[in-house]
Amino acid sequence: MSDNRLQDETAISTVLEALYKAWEANDADAFVADYTEDATAILPGSFRQGREGIRQSMAGGFAGPLKGTKTYNKQIGVRFLGQDGAIVVSESGILFPGETELPAERLVYATWVLEKRDGRWLIAGYHNSPAKPNN
């Protein structure tokens, strides 16, 4: 792997780590700081369009059912699409206050689509799907 790809992987990991920290802080503004203006997020039963739409949804969640939560995240892999695109696949899930382990029924597989704009990696799309045990 070239040094540029290693730098890109590190930069992408930094973007995702900042997002996970923002979630733990219940900070919707920081959560979307590295999203493109036209980003999309698809979760089972919901479609969120644009950075502001995603921010509003997360602000509502952080003020309500997601208050005090954090996430479990395990990166499975990164695949680059040319010089300025990448797909990250991960396992993740929501840990509610007091939980130290993620129940199997809340494990999801997630796909992050990132785009390098003006030398900066940004999240352009997110999708998750419930994981089936033993898959």
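To be clear, the structure that these remarks concern was listed above.
Residues numbered from 1 in each chain as written. Predicted model: local features only at pLDDT ≥ 70, side-chain atom pairs only at ≥ 80, totals over all residues. Heavy atoms only, no water.

S.K.: With reference to specific residues and values, describe unusual backbone geometry.
M.R.: Most peptide bonds are trans, and most residues other than glycine sit at a negative phi. A positive phi angle, close to 55 degrees, is found at Asn26, a residue other than glycine. For Asn26, a relative accessible area of 22% puts it in the partly exposed group. One non-glycine residue, Asp118, lies in positive phi territory at about 50 degrees. Checked against the element boundaries, Asp118 lands in the loop between strand 5 (108–117) and strand 6 (120–130). (Buried < 20%, exposed > 50% of the residue type's maximum accessible area, 1.4 Å probe, protein only. Helix = DSSP H or I, 4+ residues; strand = E, 2+ residues; numbered from the N terminus.)

S.K.: Account for the side chain of Asp34, with residues named and values stated.
M.R.: Mapped onto the elements, Asp34 comes out in the loop between helix 2 (28–31) and strand 1 (35–43). Residue classification places Asp34 among the buried residues on the basis of a relative accessible area of 17%. Here the side chain of Asp34 touches Arg120 through a polar contact of 2.6 Å, side chain to side chain. Once residues lying within four places of it in the same chain are set aside, the contact partners of Asp34 are Val15, Ala18, Arg120, Leu122 and Ile123. (Polar contact = N/O pair within 3.5 Å; in protein donor to acceptor, adjacent residues only side chain to side chain. Contact = heavy atoms within 4.5 Å.)

S.K.: Tell me about the layout of surface pockets, and please be specific about residues and values.
M.R.: Approximately 510 Å³ is the volume attributed to the largest pocket. Along its surface, the largest pocket is lined by 27 residues, and Trp23, Leu43, Ile94, Tyr126 and Asn128 are the ones closest to its centre. Going through the elements one at a time, helix 1 (3–24), strand 1, helix 3 (50–63), strand 3 (70–81), strand 4 (85–95), strand 5 and strand 6 are the ones with two or more residues in the lining of the largest pocket. Examining the composition of the lining of the largest pocket, we find that four residues originate from one element, helix 3, more than from any other. Partitioned by chemical class, the residues of the lining of the largest pocket number 17 nonpolar, seven polar and three charged. (1 Å grid on protein atoms, 1.4 Å probe; cavity = no way out; pocket = protein on both sides within 12 Å on 5 of 7 lines; lining within 4 Å. Points joined across faces, edges and corners; volume = space filled by probe spheres on them. Nonpolar A, V, L, I, M, F, W, Y, C, P; charged D, E, K, R; others polar.)

S.K.: Describe in detail the nonpolar core, supporting the description with residues and values.
M.R.: The nonpolar side chains of soluble globular proteins are, as a tendency, buried together. In this structure, Phe31, Tyr35 and Trp112 are the most contacted members of the largest nonpolar core, which totals 26 residues. Put simply, the parts of the chain that give this core at least two residues each are helix 1, helix 2, strand 1, helix 3, strand 4, strand 5 and strand 6. Broken down by element, the residue count for this core peaks at seven residues, all from helix 1. For Tyr35, the contacting residues outside a window of four places in its chain are Leu19, Arg51, Ile54, Trp112, Ile123 and Tyr126. (Core = buried A, V, L, I, M, F, W, Y, C linked by side-chain atoms within 4.5 Å.)

S.K.: Break down helix 3 for me, with residues and values.
M.R.: Each α-helix turn comprises 3.6 residues. Residues three or four places apart therefore point the same way. Given a rise of 1.5 Å per residue, 14 residues ought to cover 20 Å, and the 20 Å separating the end C-alpha atoms of helix 3 matches this to within 8%. All of the buried residues along helix 3 are Gly50, Ile54, Met58, Gly61 and Phe62. End-on view of helix 3: buried residues confined to an arc of 150 degrees, all on one side of the axis. (Expected span 1.5 Å × (residues − 1). Arc of directions from axis to C-beta.)

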